[in-house]
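Per-entry structural report
These are the residues of each chain, in order.
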Amino acid sequence: MSTTLTDASTGRATPRRMVRGLNWLVLRQHRATLLCLLGLTVIVSLWIVYQRAQLIDLLDATGRPEKDVRQPVVGRQYSSLTMLLGALPVVLAVFLGAPLVAADTEQGTAQLVTTQSVTRRRWLVAKLGWCFGATLLACAVLSALFTWWWRPYRSVLSISWLDAEVFDNTGPVLPALALFLTAAGVTIGVLLRRVLASMVVTFVFAVAVETAWGMIRQNLAPTRMFTYPLDSELPARLSESYEVERWVGTADGKLYGWGSCVEATEKAQEACLAQKGIVNNVIEYLGQDQMAAMQWTGAGILLAGTAALTAFVVLRSARRPL
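Residues numbered from 1 in each chain as written. Predicted model: local features only at pLDDT ≥ 70, side-chain atom pairs only at ≥ 80, totals over all residues. Heavy atoms only, no water.

1. Observations regarding the side chain of Thr306
Threshold: Only DSSP runs of H or I covering at least 4 residues are called helices, and only runs of E covering at least 2 are called strands; the numbering of each starts at the N terminus. Remark: exposure states derive from per-residue accessible area (1.4 Å probe, protein chains only) relative to the maximum for the residue type, with buried under 20%, exposed over 50%, and partly exposed in between. Throughout, a residue-residue contact means that at least one pair of heavy atoms, one from each residue, lies within 4.5 Å.
Tracing the sequence through the fold places Thr306 in helix α10 (residues 291-319). Residue classification places Thr306 among the buried positions, given a relative accessible area of 7%. When sequence neighbours within four positions are dropped, the list of residues in contact with Thr306 reads Ala176, Leu179, Phe180 and Ala183.

Quick look at the structure:
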């Protein structure tokens, strides 16, 4: 004999939800934000696929790979896309992370929920889990798609692999940076307890972090040195390298600034080079083969920061009321 769960007041069968209890409450509370994030992810994903198809058609029309394509083949749409991807971690931090707890604290929802059978820690872990899960999924999908587009055609794109437009939007960096800034937004919201103030402070903090990140990016791996004759061109195998510094040097390794022996006449310049014994160009660089290791190193630092901020928020909620 089978039984059917029914509503006593209406006699109708009660539909079973895929997500129940506290998780259902969190999803229902933030459904508008999550749906917006889902829609943004789908739209940007389709945009990436479309631009990649357009690039392939353009390159086919130029006769590549039989013919070299020397000029940049991307324009304003590519710049707009990389700008959007670069701004996504800041947007998530401000509009998802900062109000996550601050809104419930300001409106009294947190106090209401935690006076029921749910503990503060369990309620907070559920909110953080869905928040971080949505952030990770959206950014991982967009990063994977952008990497799928950029990697095979990087030789025809004018942007260096260490620039923010590429380095921060490919591989694990985009999800890791978004998680860290979102965790920072949540932490600021917990401390300030006001939505608008939390969003403003989170925006300032996120911009400061991205600025600092741009300054330390090239320090994520040790640089390499390469020496080649003064009158020759840079070897082709270093064409995708990122140049950190350049010098001129003697045969015994003594280095001079790149502008040394820049004289008014060729004869004076040759005399200066001969006097100082300068015979080589010396370049300090980062190789494109170091990119993956640098990205994972940076992602590890950001994820460690995310874990520390999350632990602080969870432990604080267990000791002090929200």
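2. Quick look at the nonpolar core
Our working definition: In this text, buried Ala, Val, Leu, Ile, Met, Phe, Trp, Tyr and Cys residues form a nonpolar core when linked through side-chain atoms within 4.5 Å.
By size, the foremost hydrophobic cluster in this structure holds 64 residues, and its most contacted members are Phe146, Trp149, Trp150, Trp161, Phe167, Leu181 and Met294. Sorting the residues of this core by element identifies α2 (31-61), α3 (76-107), α5 (120-150), α6 (164-167), α7 (173-192), α8 (195-216) and α10 as the ones contributing at least two each. A total of 14 residues in this core trace back to one element, the largest contributor, which is α3. Among residues more than four places away in sequence, those in contact with Trp161 are Trp150, Val166, Phe167, Glu240, Ser241, Tyr242, Leu286, Gly287, Gln288, Met291 and Met294. The next biggest cluster of nonpolar side chains, apart from the first, holds 6 residues, and it includes Val248, Cys261, Cys272 and Ile278.

3. A closer look at the environment of Thr33
Along the chain, Thr33 turns up in helix α2. Note on Thr33: relative accessible area 32%, which makes it partly exposed. As for Thr33 and Leu96, which are separated by 63 residues in sequence, their C-alpha atoms are 7.4 Å apart.

4. Things to note about the pattern of salt bridges
The test is simple: A pair is scored as a salt bridge if a Lys or Arg side-chain nitrogen falls within 4 Å of a carboxyl oxygen belonging to Asp or Glu.
Under the definition given, this model contains 3 salt bridges. Asp289 is the partner of Arg224 in a salt bridge, and the nearest nitrogen-oxygen pair spans 3.1 Å. Taken together, the residues span a long stretch of sequence, with Arg224 in strand β1 (residues 224-229) and Asp289 in the loop between β4 (278-286) and α10 at a distance of 65 residues. Accessibility expressed as a relative area gives 55% for Asp289, which makes it exposed.

5. Brief notes about the pairing of strand β2 (residues 242-250)
The following threshold applies: What makes two strands pair is DSSP finding at least two bridges between them.
Bridge analysis of β2 against β4 gives 8 bridges, and the strand direction is antiparallel. Note that in β4 the partner of Arg246 across the bridge is Ile283. In the sheet, β2 pairs with strand β3 (residues 255-257) via 3 bridges, with the strands oriented antiparallel. What sits directly across from Val248, in β3, is Tyr256. The loop that links β2 with its antiparallel partner β3 comprises 4 residues; one of these, Gly253, has a positive phi angle of about 95 degrees.

6. A short note on the confidence of the model for the chain
Operational definition: Note on scores: pLDDT gives the predictor's confidence for each residue, bounded by 0 and 100.
Residues of the chain with pLDDT of at least 70 account for 83%, and the chain-wide mean is 83. Across the chain, the secondary-structure element scoring lowest on mean pLDDT is helix α4 (residues 109-114), at 61, and the one scoring highest is α7, at 95. Here residues 1-9 is modelled with pLDDT under 50, and outside its nearest four sequence neighbours on either side it reaches 10 contacts, counting other chains as well.

7. Observations regarding the packing of aromatic side chains
Spelled out, the test is: The rule is short: rings of Phe, Tyr and Trp, with Trp giving its six-membered ring, pair when the centres are within 6.5 Å, and they are stacked under 30 degrees, edge-to-face over 60, tilted in between.
Scanning the entire structure with this criterion turns up 5 aromatic pairs. A centroid spacing of 5.8 Å and a plane angle of 90 degrees characterise the contact between Phe146 and Trp149, whose relative ring orientation is edge-to-face. One end of the pair, Phe146, and the other, Trp149, are both in helix α5, 3 residues apart, so they sit about a helical turn from each other. Here the two residues Phe146 and Trp149 agree in accessibility, since each one is buried. Centre to centre, the rings of Phe180 and Phe205 are 6.5 Å apart; their planes meet at 40 degrees, and the pair counts as tilted. Residue Phe180 is located in helix α7, and its partner Phe205 is located in helix α8; the two are separated by 25 residues in the primary sequence. Overall, the relative accessible area of 15% leaves Phe180 in the buried class. Looking at Phe205, the relative accessible area reads 34%, which means it is partly exposed.

8. Notes on α8
Cut-off, in case you're wondering: In a helix, the anticipated span is given by 1.5 Å times the number of residues less one. Throughout, the arc means the angular range of directions from the helix axis out to the C-beta atoms.
For α8, with 22 residues, the first-to-last C-alpha span of 31 Å sits near the 32 Å given by 1.5 Å per residue. Three or more residues of α8 are buried, namely Val195, Ser198, Met199, Thr202, Ala206, Val209 and Trp213. Buried positions in α8, seen along its axis, are confined to an arc of 90 degrees and lie on one side of it. Among the exposed residues of α8, those oriented more than 90 degrees off its buried face are Leu196, Val204 and Met215. Contact partners of the buried residues in α8: α3, α6, α7 and α10.

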